[in-house]
Amino acid sequence: MVPSLPRIKFIAIDDNPLDLLFLTEFARTHTFLDNCGTFSNVLEGYEAQQYIKPDLIFLDIEMPGFSGIDMLRKIRSEVTMAVFITSHPEFALEGFELSALDYILKPLTEERFAASARKVLEYWEMKQKSQAYEVMFEKDMLTIKEGYNQIRLAQQDIIYLEAMQDYTKIVTPKKNYMTLSSLSYFMEQLPADRFMRVHRSYAVSVGQIKELRYSELVCSDAIIPVGKTYRSTVARLKL
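Since this is a predicted model, take the numbers as computed values, not measurements.

Definitions and cut-offs
- Sequence order as written defines the numbering, with residues in each chain counted from 1.
- Under the rules for a predicted model, residues below a pLDDT of 70 receive no local features and side-chain atom pairs below 80 are neither given nor counted, while totals for whole chains, interfaces and linings still include all residues.
- Note that water and hydrogens are dropped before the side-chain values are worked out from all heavy atoms of the structure.
- By the convention used here, strands pair only if DSSP detects at least 2 bridges between them.
- Secondary structure counts use DSSP, requiring at least four H or I residues in a row for a helix and at least two E residues in a row for a strand, with both numbered from the N terminus.
- Each axis is a line fitted through C-alpha atoms, and for a helix only the stretch in contact is used; angles between axes span 0 to 180 degrees, taken between their N-to-C directions.
- Angles are sorted into four bins: roughly parallel if under 35 degrees, roughly antiparallel if over 145, roughly perpendicular if 65 to 115, and oblique for all others.
- By the definition used in this description, the sense in which the near helix is turned from the far one sets the handedness, with an anticlockwise turn below a right angle giving left-handed and a clockwise turn giving right-handed.
- Two residues form a contact once any of their heavy atoms are found within 4.5 Å.

Enquirer: Honestly, the sheet that holds strand 10 (residues 167–171) in this entry has me stumped. Any pointers?
Expert: In any sheet, the strands associate via hydrogen bonds between backbone groups, in a parallel or an antiparallel arrangement. Taken together, the five strands give an open sheet; going across it, the order is 11-10-9-13-12, and neighbouring strands pair in antiparallel fashion. Two strands bound the open sheet, and with one partner strand each, they are strand 11 (176–179) and strand 12 (195–199). Neighbour-to-neighbour, the strand axes of the sheet open up by a mean angle of 25°, direction not taken into account. Looking at chain direction, strand 9 (residues 160–164) and strand 10 are connected through five bridges and run antiparallel.

Enquirer: I would appreciate a short explanation of the packing of helix 2 (residues 42–52) against helix 3 (residues 68–75) in the present structure.
Expert: The packing of two helices is summarised by the inter-axis angle and the distance between the axes. In the contact formed by helix 2 and helix 3, the axes pass within 11 Å of each other and the chain directions differ by 20°. Here helix 3 runs roughly parallel to helix 2, going by the angle between their axes. Our pair here, helix 2 against helix 3, has a crossing hand that is right-handed. From helix 2, Val42, Gly45, Tyr46, Gln49 and Gln50 reach across to helix 3, where they touch Met71, Lys74 and Ile75.

Enquirer: Any chance you could explain the pairing of strand 11 here in plain terms?
Expert: Across a regular strand the side chains alternate sides, sitting on one face of the sheet and then on the other. As judged from the four bridges shared by strand 10 and strand 11, these two strands associate in the antiparallel manner. Bridge pairing in strand 11 links valine 171 to asparagine 176. The turn linking strand 10 back onto strand 11 is made up of four residues.

Enquirer: Just checking my understanding: could you explain the sheet that holds strand 8 (residues 149–154) for this structure?
Expert: As summarised here, the arrangement of the three strands in space is 6-7-8, forming an open sheet in which the pairing is antiparallel. Only two strands of the sheet have a single partner each, and these edge strands are strand 6 (134–138) and strand 8. Here the strands of the sheet are splayed against their neighbours by 20° on average, with no regard to which way each runs. Pairing of strand 6 with strand 7 (residues 141–146) involves five bridges; the strand directions are antiparallel. Bridging from a neighbouring strand, valine 135 pairs with isoleucine 144 of strand 7.

This is how it looks when you write it as structure tokens:
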């Protein structure tokens, strides 16, 4: 029997009706997303959040009267997941400091929304596990524990690491692993000559980098964004 997908309740807040329309249409194709309402201003969205209790909020940032960042700061302890969809890249740092799961720059596209939806589903399913993964660091190896199971993983098999709020996803050629450790903690433990932070949400294995670009790099078969504050460091790499 195929397990059913979860139903993740969400609301969306944006003062641009066209952006709300696109988001609504894109969300329809992801059956695990349950649209509980769209709102054109923060006050309406805040009031709705209080009685709907959504699992996920899509938020614009620059809105009249009260910004999306102000709202998330007020309700952060009540919401499992938040995704900013905005025209303002300069607010990205504040968004990630509030543990937003994703930060999408407008114009919103179906492809970019789908990538964010996959991240939402992966994070939600991981949160539902009875025990989160623990990780122990050894010379050239990691030991990942889940309950009574232990997985030995060579550091050279890691392609990249992705921060997902309080968790870090380890991506390898064969399988991905979730750990209840921050990306900063990983960077403190892993050898600095083999792993590099390239974005607030990503670190890569230097040996896995295939191509360097201005604002992204190709790591194995994945395209990883490079944050502005990391570009000068990445640009000095020699492949």
